[in-house]
Amino acid sequence: MELGLIGLGKMGGNMAERLRRAGHKVVGFDFSAEAVQRLNDAGSVGVTTLEDLVKNLQAPRAIWIMVPAGDPVDETIAKLKPMCSQGDIFIDGGNSNYKDTQRRHDELKPQGFEFLDCGTSGGIWGITEGYSMMIGGDDDVVERLRPIFEALAPAPDKGWGRVGPSGSGHFVKMIHNGIEYGMMQSYAEGFSIMKAKKVLGLDLTQISEIWRYGSVVRSWLLDLTADALKKNPELDGLEAYVPDSGEGRWTVYEAIDLNVSAPVITESLIRRLRSREENNFTDRMLAVMRNEFGGHAVKKA
Ligand SMILES: O=C(O)[C@H](O)[C@@H](O)[C@H](O)[C@H](O)COP(=O)(O)O
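Just so it is clear, the model here is predicted, and its values are computed rather than measured. (Residues numbered from 1 in each chain as written. Predicted model: local features only at pLDDT ≥ 70, side-chain atom pairs only at ≥ 80, totals over all residues. Heavy atoms only, no water.)

Novice: Would you explain the pattern of salt bridges in this entry?
Specialist: For side chains of opposite charge, pairing can occur when their charged atoms come near one another. Using the criterion set out here, one finds 22 salt bridges in the structure. In this structure, the salt-bridge partner of Arg103 is Asp100, at a minimum N-O distance of 3.6 Å. Here Arg103 pairs with Asp100, and both are found in helix α5 (residues 98-108), just 3 residues apart, close to one helical turn. Arg103 gets classed as partly exposed once you look at its relative accessible area, which sits at 32%. On the basis of relative accessible area, Asp100 is assigned to the partly exposed category, the value being 25%. (Salt bridge = Lys/Arg side-chain N within 4 Å of Asp/Glu carboxyl O. Helix = DSSP H or I, 4+ residues; strand = E, 2+ residues; numbered from the N terminus. Buried < 20%, exposed > 50% of the residue type's maximum accessible area, 1.4 Å probe, protein only.)

Structure below.
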């Protein structure tokens with residue numbers, strides 16, 4: 001099949017290569033000339049304008065958008081529409097908010113365009129391991145792209161599927177990432193407690209390796225954790241600073257809207273926020289109040 005791919009970063013570039021290896025024609029666009037060159041060197045078609053991307057694909061086209069969530073997705077669709085034809089399919093494979101996705105779908109459908117959302121998991125490993133894909137949108141449109149999903153997935157019949165109507169792919173990916181936050185937090189806390197138990201002299205690298213096989217808490221995340229500890233057991237040179245890209249906080253908003261208590265995911269998000277505050281105002285407030293009512297000592301900076 002032919003696929004247009006917009007955004008040849010860590011995810012898009014690797015996806016293009018996995019598709020090429022499976023025999024598909026990929027026409028890829030990126031603002032980075034280097035990324036376009038890399039694609040051409042690998043044997044796909046790299047182009048430097050969206051016009052060329054559209055021209056190099058036969059209608060009805062399928063164009064996969066792999067750009068940062070938010071305005072870049074709307075801007076890309078707005079640029080593509082005048083160049084594309086009725087029946088063309090746009091796929092948003094990024095981490096968009098599902099409410100934006102539903103809005104985009106409802107705008108595009110009456111204009112004659114198809115729109116799928118595909119929550120795509122797998123990170124930089126997807127090129128070899130395959131990607132897990134949670135797809136939202138019309139069933140017949142998903143079927144038209146079956147060869148693409150089969151090639152990107154870990155196996156043709158595994159790791160992908162239509163999960164519901166438009167928006168549901170991104171909704172499920174949002175929850176997936178919320179779970180990711182909770183799992184990461186739990187591993188990190190467990191390893192921290194073991195590290196603090198100095199009298200036992202535990203080797204965290206060894207333990208992570210033991211847990212990888214047969215243990216109830218084995219997982220791919222733990223495999224990666226074990227690799228990281230092997231490379232850098234003390235995590236030297238790293239700042240205790242954890243960013244987030246939005247999916248975790250959207251999961252928490254959703255839990256609140258639905259009256260579902262989700263304390264682990266919520267706390268995992270809060271811990272990330274806390275990791276970015278050094279000597280924060282909240283804790284200084286606590287110290288000063290304690291000092292005011294009880295005359296308790298404060299630690300001066
Ligand atoms: O499934 C995946 O491949 C990951 O979940 C990925 O989609 C995620 O976006 C980033 O790893 C960073 O997410 P945060 O910045 O929110 O941690």
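Novice: Can you help me understand the site of the ligand in this one?
Specialist: The local shell around the ligand consists of Asn95, Ser121, Gly122, Gly123, Lys173, His176, Asn177, Glu180, Tyr181, Asp244, Ser245 and Arg272. Contacts to the ligand include Tyr181, whose side-chain N or O atom sits 2.6 Å from an oxygen atom. Per element, the largest residue contribution to the shell around the ligand is 5 residues, and it comes from helix α9 (residues 168-196). Two domains each put at least three residues into the shell around the ligand: domain 1 (2-164) and domain 2 (173-202 + 239-287). (Near = heavy atom within 4 Å. Polar contact = N/O pair within 3.5 Å; in protein donor to acceptor, adjacent residues only side chain to side chain. Domains from an automatic or database assignment.)

Novice: Any chance you could explain the packing of α9 against helix α10 (residues 204-211) here in plain terms?
Specialist: Two measures define how a pair of helices packs: the angle their axes make with one another and the distance between the axes. Packing of α9 against α10 brings their axes to within 11 Å, and their N-to-C directions diverge by 140°. Judged by the angle between their axes, α9 and α10 are oblique. Taken as a pair, α9 and α10 cross one another with a handedness that is right-handed. Contact with α9, carried on its side by Phe191, Met194 and Lys195, involves Leu204, Ile207, Ser208 and Trp211 of α10 and no other residues of that element. Here the contact of α9 with α10 is composed, by residue class, of 5 nonpolar, 1 polar and 1 charged. (Axes fitted to C-alpha atoms, helices over the stretch in contact; angles between N-to-C directions. Parallel < 35°, antiparallel > 145°, perpendicular 65-115°, else oblique. Left-handed = near helix turned anticlockwise from the far one by under 90°. Contact = heavy atoms within 4.5 Å. Nonpolar A, V, L, I, M, F, W, Y, C, P; charged D, E, K, R; others polar.)

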